[in-house]
Amino acid sequence: MHGRPRKPLKEEDESVLSAKAEKLHSLQSQFLANHQNRIYTKEALDLSAKLLEINPECYTAWNYRKLAVQHNLSESNSDSDASLFDQELKVVENALKKNFKSYGAWHHRKWVLSKGHSSIDNELRLLNDFQKADARNFHAWNYRRFVTALMKISDEDELKYTEKVIGVNFSNYSAWHNRSVLLSTLFKRKAEGFSHKEKVLQEEYKYVHSAIFTDSDDQSGWFYHLWLIDQTVKNDAPLLVSSWPSHGANITLNGNNSLHGSGLSLLNSTLSDTKTLPVILCFNQAVEGVNSSTVVVKSELLKEDLVWKPLSTNNSSTAQVWVVYLNMGNMKLQLSKTYSIEINIGHSMGILSSNGYHYGAPSQITFEVCVQTAYTEPVDGQRGKLTSWKDNDFRKIDHFEESNPAVSADHHIPTTSNWCMEAIDEEITNFQDLSDCKIRKLTLARLLIALDLLSPQHDKRKNHTEEVLKLYTELMKLDPTHSLYYKDEHSLLLLQQITSSRESLIPYCHYYKDASETNTSYVCLRLQNLSLSRMGSFENLLWVQMLDLSHNELRSIEGLEAMQLLSCLNLSHNKFGSFTALGPLRLLKSLKVLNISCNELGSHSIDTRRYLCSSPLAHSEVFAWDRFEILCGSYSATKFWEAFLIFESLNLTDLNIAGNAVADENFASFIVKVLPTLKLLNDEEL
Amino acid sequence: MGELVAEKRLRYILSIEKKKDSFESVVMEHLRMNGAYWGLTTLDLLGKLDTVDVDEVVSWIISCHHHDGGFAGNVGHDPHILYTLSAVQVLALFNKLHLIDADKVTNYIVSLQNEDGSFSGDIWGEVDTRFSYIAICCLSILRRLDRINVENAVKYIISCKNMDGGFGCTPGGESHAGQIFCCVGALAITGSLDLVDKDLLGWWLCERQVKSGGLNGRPEKLPDVCYSWWVLSSLIMIDRVHWISKG
């Protein structure tokens with residue numbers, strides 16, 4: 001049993017226990033013999049009842065009793081059957097007295113009930129007794145849900161029951177949990193009185209205050225409160241959050257390094273050295289069903305149906321970000337002519353969230369493409385675009401060509417009803433008085449973020465980002481046990497702040513030295529030395545082709561797979577501890593230059609990204625064992641297989657892995673074999 | 001100092017194996033198969049697996065094997081999915097999996113999957129997400145995961161997801177660290193962790209740490225060292241273990 005210290009036994013106790021042990025042992029042996037020989041006499045049954053009273057965990061005895069009941073059931077005499085079942089219920093009650101957490105006992109009772117026996121009053125009485133004995137007994141709560149379903153007691157009545165229980169003691173997480181389950185069901189089927197979520201939620205906020213303001217150390221009400229906030233803010237229907245190209249964009253394709261640019265613009269991008277044009281759709285949640293029927297692409301360029309792919313590191317068929325590649329090289333294009341492409345999303349049903357909600361509002365994106373120079377195959381020996389990450393090789397950009405302040409796409413976001421903002425606003429007033437209470441500060445931070453999320457884009461109201469960043473910094477000191485949690489949240493919010501507008505982005509945008517023209521091919525977003533422990537805001541970064549995240553504290557790049565245009569990436573001087581952490585890179589088809597020097601690859605025995613990366617261990621992928629064995633040769637397979645998993649599908653020209661525990665000579669020669677396109681390793685020509 | 005402690009642990013485990021007659025031992029006779037798993041893997045971690053008579057253990061395990069393919073907790077008891085996993089795990093530990101008919105064991109487990117994707121513990125029909133984990137883990141060891149309906153199994157587990165991001169034993173069941181370990185483990189093995197709200201669950205798991213530094217299994221309950229395993233390994237699988245103090 002939990003929480004009880006173990007004490008050594010006294011001599012008298014030892015002999016008493018020894019006798020007990022012998023008695024139980026003989027009971028169990030006799031029982032097993034009866035079971036083996038299928039003896040279901042009254043004597044045998046009584047023996048099993050005795051056994052279960054002492055040891056309700058003896059599961060075979062419960063099986064035996066069911067067999068006995070089946071054996072002794074008569075077809076004609078329903079009275080004797082009833083008494084048979086009564087006997088079983090009694091045995092269960094006795095067993096539960098010994099151990100009210102016995103899985104076997106509770107299941108046996110369910111089995112009896114499923115035969116159509118017992119009165120509902122009896123069961124509810126039993127449950128009330130257990131509630132008094134231990135209000136958190138999850139077996140009893142599970143059994144309660146079983147009984148109420150069997151006897152068709154309404155969710156509304158059960159809701160009232162949770163109020164009764166909470167009234168006795170608000171610190172009943174089990175009751176709050178049950179409340180969330182019941183309300184979810186009532187909302188989903190739009191039951192009478194529950195079709196207007198807002199009224200119900202407003203009442204719930206008031207109701208939970210009694211729990212959270214009485215004792216702030218008690219967690220029971222806080223998680224329920226967090227759930228209420230989520231219910232207030234969340235948008236069930238999937239929506240498009242951003243895309244690349246954006247609506248109204250002008251995309252230029254340059255076949256090779258050349259020619260004139262048009263000033264730095266996020267809307268009007270230039271892609272060099274490529275003949276494929278990606279179209280990226282970024283939704284607010286994971287969806288399935290993005291295909292050529294649900295997303296219709298119209299253009300004189302396209303002759304065949306397009307295949308949309310979900311960007312999932314798990315090889316899943318649902319993803320938050322989807323991409324399709326238009327193969328411009330195959331099309332008969334006139335140089336310098338502008339072609340229009342129109343994308344219609346969700347005009348026919350089919351795009352679904354994992355909760356089964358359909359795509360919110362049909363939308364359209366139109367952009368233009370122009371090929372300046374024809375694509376030519378790269379000359380052998382040609383290096384990647386960027387060959388250095390040094391400060392001197394970059395110069396700041398001082399302005400964007402566009403004047404439009406908003407960077408995020410102008411997609412139709414349905415206007416949030418006022419009550420959401422009012423509810424959150426109201427909650428915020430309750431949390432203004434902070435004292436040094438960790439959970440209150442954290443809740444205030446979450447509420448302010450929720451408020452900003454709900455505020456319409458064009459609202460000039462100042463957002464609360466600075467205030468929340470400050471709260472997280474304070475929380476890191478107030479609750480050092482969880483400081484990395486607050487740090488992650490801080491990083492996410494900081495990134496959102498930086499990427500939310502052109503003004504905020506500009507200080508981080510630089511031109512690379514060789515750029516003879518001003519176009520986005522040579523713009524590097526430099527986010528170094530920001531103490532970032534986590535990456536985010538990818539929906540605002542789809543346009544980025546070169547990214548420097550060096551000198552931060554990143555351990556993972558979850559979500560980075562959305563950045564399909566990425567060709568040069570610097571992750572040096574971070575905290576990447578495993579190759580599996582680089583999983584998202586496998587989906588970056590354009591990646592040519594990668595710097596992961598000075599990390600912790602090979603330093604950790606535990607891999608926390610293992611099951612978050614598609615691999616044979618997660619049963620989501622077939623591993624190219626044959627090729628691996630050939631390349632690996634005599635080297636340690638266990639050390640290298642993850643590196644092979646990540647790199648074998650990449651076409652890198654530059655790679656820097658120096659300064660990692662795993663990067664010895666053996667590894668270097670292995671990786672060179674895995675990457676035939678590699679021209680530069682650790683800053684040295686091959 | 002570290003050596004002394006390891007020595008003590010070794011002696012403790014070997015002693016309980018021998019003390020079959022104590023009350024503690026008798027009352028847990030029916031789940032000896034589980035005990036074998038926990039005890040033997042601990043010995044292996046301590047590097048002392050060779051102190052055990054492998055043949056004796058293996059022949060005892062085989063004597064618990066039933067015709068339907070399942071394993072019992074001890075000789076004379078009924079087969080159950082709980083002990084089937086422990087048996088397979090111990091045989092795998094000793095590299096003796098070839099001694100059993102893997103297809104037969106697989107068929108036993110496959111027969112326990114229900115239409116909604118859930119798994120029963122045995123023919124008597126108790127459903128619990130623990131059994132989902134057991135089925136998936138066991139078949140993964142036997143390399144026959146494709147014999148069950150993985151999609152439905154995952155769907156059922158997700159239907160047990162709660163408001164706090166955690167998982168219970170059945171749909172609507174309260175979040176509990178042990179159940180969470182099972183559900184997260186099953187989703188990990190089937191490559192479905194994208195269906196977990198890692199931030200929400202990670203935070204709930206972090207909050208299991210109480211003032212003394214120990215971990216509890218759910219809010220407002222007492223800490224216990226067993227929860228260190230369920231909570232920490234869950235945090236590791238969803239890559240949020242850095243959110244909890246190392247102290």
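Residues numbered from 1 in each chain as written. Chains lettered and ligands numbered in written order. Predicted model: local features only at pLDDT ≥ 70, side-chain atom pairs only at ≥ 80, totals over all residues. Heavy atoms only, no water.

### Considerations on the overall build of chain B
Stated formally: Elements are defined by DSSP. Helices are runs of H or I of four residues or more, strands are runs of E of two residues or more, and each kind is numbered from the N terminus. With C-alpha atoms as the basis for the radius of gyration, the globule rule is written as 2.2 Å multiplied by the number of residues raised to the power 0.38. Exposure classes here rest on a 1.4 Å probe applied to the protein chains alone. A residue is buried below 20% of its type maximum, exposed above 50%, and partly exposed in between. Contact between two residues is taken to exist if any of their heavy atoms lie within 4.5 Å; hydrogens are not considered. Accessibility throughout is a Shrake-Rupley quantity obtained with a 1.4 Å probe, and a residue counts as covered only by protein chains that appear here.
Each helix and strand counted, chain B has 11 helices and two strands in total. Along the chain direction, N to C, the helices and strands of chain B fall in the order α-α-α-α-β-β-α-α-α-α-α-α-α. Its C-alpha atoms give chain B a radius of gyration of 19 Å, within 12% of the compact-globule value 18 Å for 247 residues. Projecting the C-alpha coordinates of chain B onto the three principal axes gives extents of approximately 50 × 45 × 30 Å. A burial count over chain B gives 56% of its 247 residues as buried. Relative to all contacts within chain B whose residues are 6 or more apart in sequence, the contacts with residues 24 or more apart total 62%. For chain B, the exposed area adds up to about 10400 Å²; of that, 56% sits on carbon and sulfur atoms.

### Focus on the confidence of the model for chain A
All names here are of chain A. Which entries qualify depends on this criterion: Per-residue confidence from the predictor is given as pLDDT, running between 0 and 100.
When pLDDT is averaged along chain A, the result is 88, and 91% of the positions lie at 70 or above. Looking over chain A, one finds the lowest element-wise mean pLDDT in strand β3 (residues 270–272), namely 83, and the highest in strand β6 (residues 309–310), namely 97. For residues 405–412, every residue scores under 50 in pLDDT, and the model assigns this stretch 20 contacts once sequence neighbours within four places are set aside.

### Digging into the interface of chain A and chain B
Quick note on the threshold: Salt bridge, as used here, is a side-chain nitrogen of Lys or Arg placed within 4 Å of a carboxyl oxygen of Asp or Glu. Side-chain atoms alone can form a polar contact between residues adjacent in sequence; in general such a contact is a pair of N or O atoms within 3.5 Å, and within protein one must be able to donate a hydrogen while the other accepts it.
Listed by partner, the interface residues are 68 residues for chain A and 71 residues for chain B. Between chain A and chain B we count six salt bridges in total. Note that Lys 198 of chain B and Glu 558 of chain A form a salt bridge whose closest N and O atoms lie 3.2 Å from each other. Across the contact surface, chain A and chain B share 41 residue pairs in polar contact (both at pLDDT 80 or more).

### A closer look at the confidence of the model for chain B
Put simply, chain B has an average pLDDT of 93, and 96% of its residues get 70 or more. Taken over the whole predicted complex, pTM reads 0.94, whereas the ipTM for its chain interfaces reads 0.94.

### Here we look at the domain arrangement of chain B
Residues and elements named next belong to chain B. Here is the rule we go by: By convention here, the domain bounds are inherited from an automatic or database domain assignment. In short, buried area is how much 1.4 Å probe accessible area vanishes from two parts on joining, totalled over both.
Each assigned domain of chain B is listed with its residue range as follows: domain 1 (1–96) and domain 2 (101–246). A separation of 23 Å is found between the C-alpha centroids of domain 1 and domain 2. Domain 1 puts 17 residues into the contact, and the matching count from domain 2 is 18 residues. Of the roughly 1400 Å² buried at the junction of domain 1 and domain 2 (both faces included), carbon and sulfur atoms supply 76%. Taken together, domain 1 and domain 2 are joined by zero salt bridges.

### Concerning helix α12 (residues 418–430) of chain A
All names here are of chain A. Just so we agree on the cut-off: Every helix has an expected span of 1.5 Å times one less than the residues it contains.
Between its first and last C-alpha, α12 extends 19 Å over 13 residues, near the 18 Å set by a 1.5 Å rise per residue. Residues Trp 419, Cys 420, Met 421, Ala 423, Ile 424, Glu 427 and Ile 428 constitute the buried set of α12. At its buried positions, α12 is contacted by α10 (197–214), α11 (220–233) and α13 (438–454).

### Some words on the packing of aromatic side chains
Just so we agree on the cut-off: Two rings from Phe, Tyr or Trp (for Trp, the six-membered ring) form a pair when their centres sit within 6.5 Å of each other. Planes less than 30 degrees apart are called stacked, planes more than 60 degrees apart edge-to-face, and all others tilted. Whether a charge sits over a ring depends on NZ of Lys or CZ of Arg being within 6 Å of the ring centre and within 35 degrees of the ring normal.
Applying the stated criterion across every chain yields a total of 37 aromatic pairs over all chains. Taking 5.4 Å as the distance between ring centres and 65 degrees as the angle between the ring planes, the aromatic pair formed by Tyr 133 of chain B and Phe 181 of chain B counts as edge-to-face. Of this pair, Tyr 133 of chain B sits in helix α7 (residues 129–141) while Phe 181 of chain B sits in helix α9 (residues 177–189), placing them 48 residues apart in sequence. By the burial criterion, Tyr 133 of chain B is buried, and Phe 181 of chain B matches it. Among the aromatic residues, ring-to-ring pairing joins Phe 579, Phe 623, Trp 625, Phe 628, Phe 640, Trp 641, Phe 644, Phe 647, Phe 667 and Phe 670 of chain A into one connected group. Taking the ring centre of Phe 400 of chain A as reference, the NZ or CZ of Arg 502 of chain A above it sits at 6.0 Å.

### What to know about empty space enclosed by the protein
Residue and element names in this part refer to chain A. Worth spelling out the cut-off: Buriedness of a pocket was judged along seven lines, with at least five required to meet protein on both sides within 12 Å; pockets are open sets of points on a 1 Å grid over the protein atoms alone, cavities are sets where a 1.4 Å probe fits but cannot get out, and lining residues have an atom within 4 Å of a point. Grid points are joined across faces, edges and corners, and a volume is the space filled by probe spheres set on the points. Under the convention adopted here, Pro, Cys and the residues Ala, Val, Leu, Ile, Met, Phe, Trp and Tyr are nonpolar, Asp, Glu, Lys and Arg are charged, and Gly plus all remaining residues are polar.
On inspection of all chains with the given rule, the structure shows three cavities of 30 Å³ or more. Elements represented by at least two residues in the lining of the second largest cavity include exactly α6 (120–133) and α7 (138–150). The element that contributes the greatest number of residues to the lining of the second largest cavity is α7, accounting for three residues. Here the residues of the lining of the second largest cavity are counted per class, giving four nonpolar, one polar and one charged.

### Observations concerning the domain arrangement of chain A
Taken as a whole, chain A is organised into domain 1 (14–193), domain 2 (240–375), domain 3 (418–499) and domain 4 (527–685). Each of domain 1 of chain A and domain 2 of chain A was reduced to a C-alpha centroid, and the two centroids are 58 Å apart.

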